[in-house]
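# Report on the structure
So you can see what is in the structure, the chains are spelled out below.
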Amino acid sequence: MPRSKKFRRARLIVLVLAVLLVAGSAAGGWYAVDTVRASFPQLSGSIKVSGLGAPVDVERDANGIPQIYADTSEDLFKAQGYVQAQDRFWEMDVRRHITSGRLSEMFGAGQVQTDSFLRTMGWHDVAQQEYDTQLSPDTKKYLQAYSDGVNAWLAQHPGGKSASLEYALLGTVNGSYKPAPWTPVDSVAWLKAMAWNLSGNVQDEIDRSLLSQDFTQDQIAQLYPAYPYDRNGTIVGQTGKVGTDGTYRPPVATANQTASTNQAAAVTNALLQGLSGQVDALPQLLGPQGQGIGSNSWVVSGDHTTTGKPLMANDPHLGPGMPSVWYQMGLHCRVLSSACQYDTTGFTFSGMPGVVIGHNQNISWGFTNLGADVTDLYLEKVTGPNTYLYDGQNVNFATRQETIKVAGGADRTITVRTTNNGPLISDQSTEEQNVGTYAPVGNSAPDRGTSGYGVALKWTALSPGKTMDAVFELDRAANWTDFRSAAKDFAVPAQNLIYADTKNNIGYQAPGVIPVRGRGDGSYPVPGWDSSYNWKSTIPFTSLPYVYNPPSGYIVTANQAVADQSYPFLLTTDWEYGTRAKEIGDQIQARLQNGGRISPDDMQSIQMDNTSVMAKTLVPMLLKEQVSDPYVRQAQDLLKDWNYNQDADSAAAAYYNGVWRQLLILAFGQKFPASVRAQGDCLLVQQKVDANQPLNSVGGETKIVTQCGTRAANQAQPDGGDRWTEVVRQQLGNPNSSWWDYIDSNHLQQHGLDNLLKEAMKDARQDLTAQLGKDISTWSWGRLHTLNLKEQTLGIDNSSFASGIIHRLLNRGPYQLSGGSAAVNASGWTAAAGYQVDWIPSMRMVVDLSDFNASRWINVGGESGHAFQANYNDQTALWAQGKLLPWAYSKDAVDKATTNRLTLTP
């Protein structure tokens, strides 16, 4: 995050002091230990918590994972709030400042632009509307109980060092800051952050428009190829249901309409680049928005398992950080009754009551991202300070004033303007307000004037929904009917929900509010001045795909297409391409051959599959190339007899991924505009002398200039993920494709696939030599493919010496990882930027429906948010090795695993 100079200077002083204290002179060492330990939670004995109706027990195992036992639902969620605040209140406090656009109150003027963007979207306002108008009385009661529990803890730890080390550090910079009481809306608002990161294709819309400055529509279509239905299949296959009430198909545009739409959507490079920068700048607590946000889940019927009951696996792919985005816990009513309805355990978010993914006494459920396109960008013709064009008429914006309080500075006031398509998100940047002048649009488009077009965001999450109701409904669901009823309320983000129960049923349901568009398919920004592009309705829940007890006996969801092309509604044009899903399905089928059965160990083994499916196609082609340079041939030979497993200790995996990266750079990265390339990626490029003239236009004088990438590294293209495996796979069938033209290391133009493959092998040999040394016997994939876990607030700024100190205090790593972007063990990396891991399986679980106590789970980092507590990072090394921890569920099993018992008393 950006920081003001004043903030950095002050923080430098604070953190130098902190390091000296931690390093420890006699008196300083005592103070440092006292500062660090002061915020550690009390884990045993008893604590009085106001408002409880009866004592509540909190039993923690050696990993600090709490199992809570109460007599009423209200006491259960009140205790959950108290316990999560014990472990994670700093994280919770920062999260709510993100979702409400109030980071500047904590961190100063450097956060004003981020706050402005978030205030413009109005996450907290929508959450307030949800709480006021949508949620059930029981949900409100539980949210209030959770808030009361958080505030009971906060009353006992009113800021400063007693709350966490981070508050002690922040306090000397922003001494007036005190955490406000927690509210139910603070919990609901976190769902908006979750939805933003899983919301679909905003970045794809931006990127396609940026690429349209340099490439034709046919070329862009090659970069976003159609989903391979025949090869990789769909989730529901031929046995799923797609509902019966509706046969809508998006209207097919004529050729002229399509051309006009694409021209109107090709917003200026600078406009969308600025917007992309705002998207990139948002705090990424769940990972980069729209990049690599996938997941794996699958469930196998008891007819095909060694246990005789279903087995379920899940591992959501999110951005890494400290502490983990997930929080493990159990919520148990001592006696199940109408007064206390919960006996559930699993993964949730700190700051939010209930369990998001896990199981109760009857069913288990898991999530992967459905990937439905629920966001659209609309170009808006602004006709005056208070008006915009809509169907030929000037229409007034809905406006509101937002005051942003700034620590150590004056308040800032912004005006938010909202169209009938959503908030004008381009308003909060002076650059964006003035760069729409040169957008190539059709003759029928309105004049841009001097300030160009604005950009509005239409997004389902900006309308109130009932997702918080769905969380509690899932937690107490007893059967398939209850599960589908909960899914109906799961509005955003649209997720693939898988199901299993103790009666040997398995199922899948696609939930979510998904728009039915008029014109347009969500691929590009569309004209906001034309009402024919409005959203017409949403897909009825009864028309969303589902499957129950399929004949195959298993269900795999890994972000592949949900249903085939006969499905009557448009879900998205931007599916993941099914590589992981097919690999999981193939492994299940292989184990089931000749009457075989799937064991819990098999489920765990599949989660750790490191196979590079693309390497099976590409490596034989690489080995066929005649390489004359013995230096390069030595590396090429590593690929002989390689098993395609991307193990951390594999030299062949290191070299293959090096070649893959260089292939993408040569074939695609060299040709891409700076606005999608990584920062620091500088190329000599041809440019029109007349800057108003697109490069792909005919005629005009050109010149050679140095052009450096402007995109944040983890958002740059080509990223090398699943889409790029499909792009390359298709282009490999045409050895003379223009994509295989490239500039070699001598700055000479070269042509053809064979030449490019040789150049990629040579460049990879040089790249890995620079990073790993000349001796290839010392190479390994893990040395390149490293994970650093960064604290997601104070610890991510690399701009000063002080930040380096924070890294040593709060961050952890590096860890050498196996896997890769399109592997089942999806430790993703961005090829445009390097090999470092930027999204991961954020947790893993295997649920055994025959014996819940035999289930297993693991988190990244640990349960605690306190940097020097034992459970801050005690699970990461196990996670990296593919190990899982025992997951106790029954009271007897929990008692046996308990190492600390705390009683919360009225």
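In what follows, the structure referred to is the one given above.
The text that follows walks through the structure, step by step, so that each part is easy to find. Values in this document were obtained by computation on a predicted structure and should not be read as measured data. (Residues numbered from 1 in each chain as written. Predicted model: local features only at pLDDT ≥ 70, side-chain atom pairs only at ≥ 80, totals over all residues. Heavy atoms only, no water.)

Okay, the side chain of Gln-86 next. Looking at where Gln-86 falls in the secondary structure, it is placed in helix H3 (residues 73-99). Of the residues examined, Gln-86 reaches a relative accessible area of 2% and is grouped as buried. Among the polar contacts made by the side chain of Gln-86, one reaches the main-chain carbonyl oxygen of Gln-42 at a distance of 3.0 Å. Separated by 3.4 Å, the side chains of Gln-86 and Arg-60 make a polar contact. Filtering out sequence-adjacent residues up to four positions away, Gln-86 remains in contact with Ser-39, Pro-41, Gln-42, Ile-47, Arg-60, Trp-153, His-866 and Leu-902. (Helix = DSSP H or I, 4+ residues; strand = E, 2+ residues; numbered from the N terminus. Buried < 20%, exposed > 50% of the residue type's maximum accessible area, 1.4 Å probe, protein only. Polar contact = N/O pair within 3.5 Å; in protein donor to acceptor, adjacent residues only side chain to side chain. Contact = heavy atoms within 4.5 Å.)

Reading across from one edge, E13-E14-E15 is the order of the three strands in this open sheet, with antiparallel pairing throughout. The sheet is open, and its two edges are formed by strand E13 (398-404) and strand E15 (422-423), each paired on a single side. Pairing of E13 with strand E14 (residues 412-419), which is carried by seven bridges, proceeds in the antiparallel orientation. Bridge pairing in E14 links Thr-403 to Thr-413. (Pairing = 2+ DSSP bridges.)

A separate point is the environment of Tyr-146. Note that Tyr-146 resides in helix H7 (residues 137-156). Residue classification places Tyr-146 among the buried residues on the basis of a relative accessible area of 0%. In sequence terms Tyr-146 and Pro-184 are 38 residues apart; their C-alpha atoms lie 7.7 Å from each other. The residues contacting Tyr-146, other than those within four sequence positions of it, are Phe-77, Lys-78, Gln-80, Gly-81, Gln-84, Met-92, Trp-182, Ser-187, Ser-350, Gly-351, Met-352 and Pro-353.

For the rest of this paragraph, the subject is the state of the cysteines. Counted by the stated rule, this structure contains two disulfides. The disulfide bridge from Cys-333 ends at Cys-340, spanning 2.0 Å between sulfur atoms. Across the disulfide from Cys-333 to Cys-340, rotation about the S-S bond amounts to roughly -85°, and the bridge is consequently left-handed. By relative accessible area, which is 7% here, Cys-333 ends up buried. Look at Cys-340 and you get buried, because its relative accessible area is 0%. The partner cysteine of Cys-682 in its disulfide is Cys-708, sulfur to sulfur 1.8 Å. (Disulfide = S-S within 2.5 Å.)

This part covers helix H24 (residues 753-772). A rise of 1.5 Å per residue sets the reference length of H24, with its 20 residues, at 28 Å; its end C-alpha atoms lie 27 Å apart and thus fit the reference within 8%. Phi for Gly-773, located one or two positions after H24, is positive at around 105°. (Expected span 1.5 Å × (residues − 1).)

Without other data, these values stay purely geometric and don't point to any function.
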